Amino acid sequence: MGHISLYDAKTHLSGLVERAAAGEEFVIAKNGVPMAKLVPLPKVTAPRTPARALGITRIAPDFDVPDPQIEALFAGGEPDDEPDGPVER
């Protein structure tokens, strides 16, 4: 594990990151006091699988179909009381 000054770490950051990705570890010191450690991240071996945390198992085919009532609100109008269309008055 190498020790490197903060100034040198800032100057050579790109190279240090490449070396860390290859497996080296570095302690970065400020005024001789260790402040941080640059280490490689573990390799990802398998693709991530969804956790299904919300319990969503299916998405309806009309999920992204615009809702006329919501569009009316965004346009500054009033939403309809009936879902089939505007009410004639």
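Anything mentioned here points back to the structure above.
The structure displayed is predicted, hence computed values, not measured ones.

Let's talk about a nonpolar patch on the surface
A surface patch of nonpolar side chains, amounting to about 520 Å² of accessible area, comprises Leu54, Ile56, Ile59 and Phe63. In this fold, Ile56 is placed in the loop between strand 3 (33-38) and helix 3 (68-74).

A short note on the sheet that holds strand 3
Taking strand neighbours across the sheet as the criterion, the three strands line up as 1-2-3 in an open arrangement whose pairing is mixed. Both edges of this open sheet fall to strand 1 (2-5) and strand 3, since each of them pairs with a single strand only. Between one strand axis and the next, the sheet turns by 35 degrees as a mean value, whatever way the strands run. Relative to strand 3, strand 2 (residues 26-30) runs antiparallel, the two being bridged by five bridges. Note on strand 3: the bridge partner recorded for Val27 is Lys37.

Some remarks on the pattern of salt bridges
Following the criterion strictly, the structure yields two salt bridges and no others. Glu24 is the salt-bridge partner of Arg19, the closest N and O atoms lying 3.0 Å from each other. For Glu24, a relative accessible area of 34% puts it in the partly exposed group. Glu25 serves as the salt-bridge partner of Lys37, at 3.5 Å between the closest nitrogen and oxygen.

Quick word on the nonpolar core
Core analysis: the largest hydrophobic core is formed by seven residues, namely Ile4, Ala9, Leu16, Ala20, Phe26, Ile28 and Leu38. For this core, the elements supplying multiple residues, two or more each, are helix 2 (13-21) and strand 2. Setting aside anything within four residues of it in sequence, one finds Phe26 in contact with Met1, Gly2, Ile4, Leu16, Arg19, Ala20, Ala36, Lys37 and Leu38.

Thresholds applied
- Residues numbered from 1 in each chain as written.
- Predicted model: local features only at pLDDT ≥ 70, side-chain atom pairs only at ≥ 80, totals over all residues.
- Heavy atoms only, no water.
- Patch = residues over 30% accessible without salt bridge, like charges linked within 9 Å, V, L, I, M, F, W, Y side chains within 5 Å.
- Areas by Shrake-Rupley, 256 points an atom, 1.4 Å probe, with all protein chains shown as cover.
- Salt bridge = Lys/Arg side-chain N within 4 Å of Asp/Glu carboxyl O.
- Helix = DSSP H or I, 4+ residues; strand = E, 2+ residues; numbered from the N terminus.
- Pairing = 2+ DSSP bridges.
- Axes fitted to C-alpha atoms, helices over the stretch in contact; angles between N-to-C directions.
- Buried < 20%, exposed > 50% of the residue type's maximum accessible area, 1.4 Å probe, protein only.
- Core = buried A, V, L, I, M, F, W, Y, C linked by side-chain atoms within 4.5 Å.
- Contact = heavy atoms within 4.5 Å.

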